[in-house]
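Spelled out from the first residue to the last, the chains are:
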Amino acid sequence: MSYELEFIGPNDKPALLALSTPEWLDAAKNVLAEVGYKVHAASNHDDFSLRFGRIQYHVVLIEELFACNAPEENLTLQFIQQMSMPSRRHTIFILLGSSVSTLSAIQAFQHSVHAVVNREELGLLGPNILGPIVQRVVADNDLFFNVYRDTQLRIVQGKV
């Protein structure tokens with residue numbers, strides 16, 4: 001398995017895609033690149049865990065049927081659900097699937113992700129709506145964790 005060498009700087013926003021459907025993969029790559037993300041795509045579950053272990057991704061988009069035939073078989077989603085909170089805290093996970101309602105907080109909680117997006121609704125609204133959805137989820141997450149991250153930074157700087 002070969003990887004393209006790409007430098008990720010401290011001000012870059014890396015995104016990781018775990019999408020099996022080629023048209024959704026292309027659409028997500030384009031939309032995330034337009035809003036300023038450096039986008040990487042995982043080809044299978046092992047590739048996802050290898051990539052995720054090497055880079056602190058800002059956003060991760062996961063398809064419900066990524067490299068599997070049924071949601072229960074999605075090893076990548078299981079990997080994320082079993083991850084410890086300190087490992088998950090700095091990444092925003094968004095699940096795309098047919099069995100969820102777009103931006104349902106309860107369903108996001110059930111799947112241990114930050115947001116869920118229904119593929120059919122996304123298809124009806126067009127792939128360009130994915131960018132605003134990602135931006136909204138990121139803004140909500142930044143607002144929620146603002147005090148935590150500020151306190152963490154002050155501790156590191158010795159200002160507490």
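Just above, that's the structure.
In short, a report on the structure. (Residues numbered from 1 in each chain as written. Predicted model: local features only at pLDDT ≥ 70, side-chain atom pairs only at ≥ 80, totals over all residues. Heavy atoms only, no water.)

Now for the sheet that holds strand E4 (residues 92-97). Strand order in the open sheet formed by 5 strands is E2-E1-E3-E4-E5, and the pairing between neighbours is parallel. Sheet topology places strand E2 (37-41) and strand E5 (115-118) at the edges, where each strand pairs with a single neighbour. For this sheet, the mean angle separating the axes of adjacent strands, direction not counted, is 20 degrees. For strand E1 (residues 13-18) and E2, the ladder comprises 5 bridges, and the chain directions are parallel. Note on E2: the bridge partner recorded for Ala15 is Val39. The strands that helix H1 (residues 22-34) touches are E1, E2 and strand E3 (59-63); relative to E2, the one it contacts most, it runs at about 160 degrees. The strands touched by helix H2 (residues 45-54) within the sheet are E1, E2, E3 and E4, with E1 carrying the most contacts at an inclination of about 165 degrees. (Pairing = 2+ DSSP bridges. Helix = DSSP H or I, 4+ residues; strand = E, 2+ residues; numbered from the N terminus. Axes fitted to C-alpha atoms, helices over the stretch in contact; angles between N-to-C directions. Contact = heavy atoms within 4.5 Å.)

Another aspect to go through is helix H7 (residues 130-157). The sharpest bend along H7 comes to roughly 55 degrees, located at Phe145. Among the residues making up H7, those that are buried are Leu130, Gly131, Ile133, Val134, Val137, Val138, Asn141 and Phe145. Residues of H7 that are buried sit in contact with H1, E2, E3, E4, E5 and helix H6 (119-125). Just beyond H7, the residue with positive phi is Gly158, at close to 75 degrees. (Bend = angle between axes of the 7 residues up to and from the residue. Buried < 20%, exposed > 50% of the residue type's maximum accessible area, 1.4 Å probe, protein only.)

Right, let's get into the pattern of salt bridges. For the structure on display, the rule yields 4 salt bridges. Among the salt bridges present, the one from Glu63 reaches Arg119, with a minimum N-O distance of 2.2 Å. With Glu63 in strand E3 and Arg119 in helix H6, this residue pair connects regions lying 56 residues apart in the sequence. A single burial state applies to Glu63 and to Arg119, both of which are buried. The shortest N-O distance in the salt bridge between Arg136 and Asp140 comes to 3.7 Å. You can see Arg136 and its partner Asp140 sitting in helix H7, 4 residues apart, about one turn around the helix. (Salt bridge = Lys/Arg side-chain N within 4 Å of Asp/Glu carboxyl O.)

Functional significance is not addressed by these values, which are geometric in nature.
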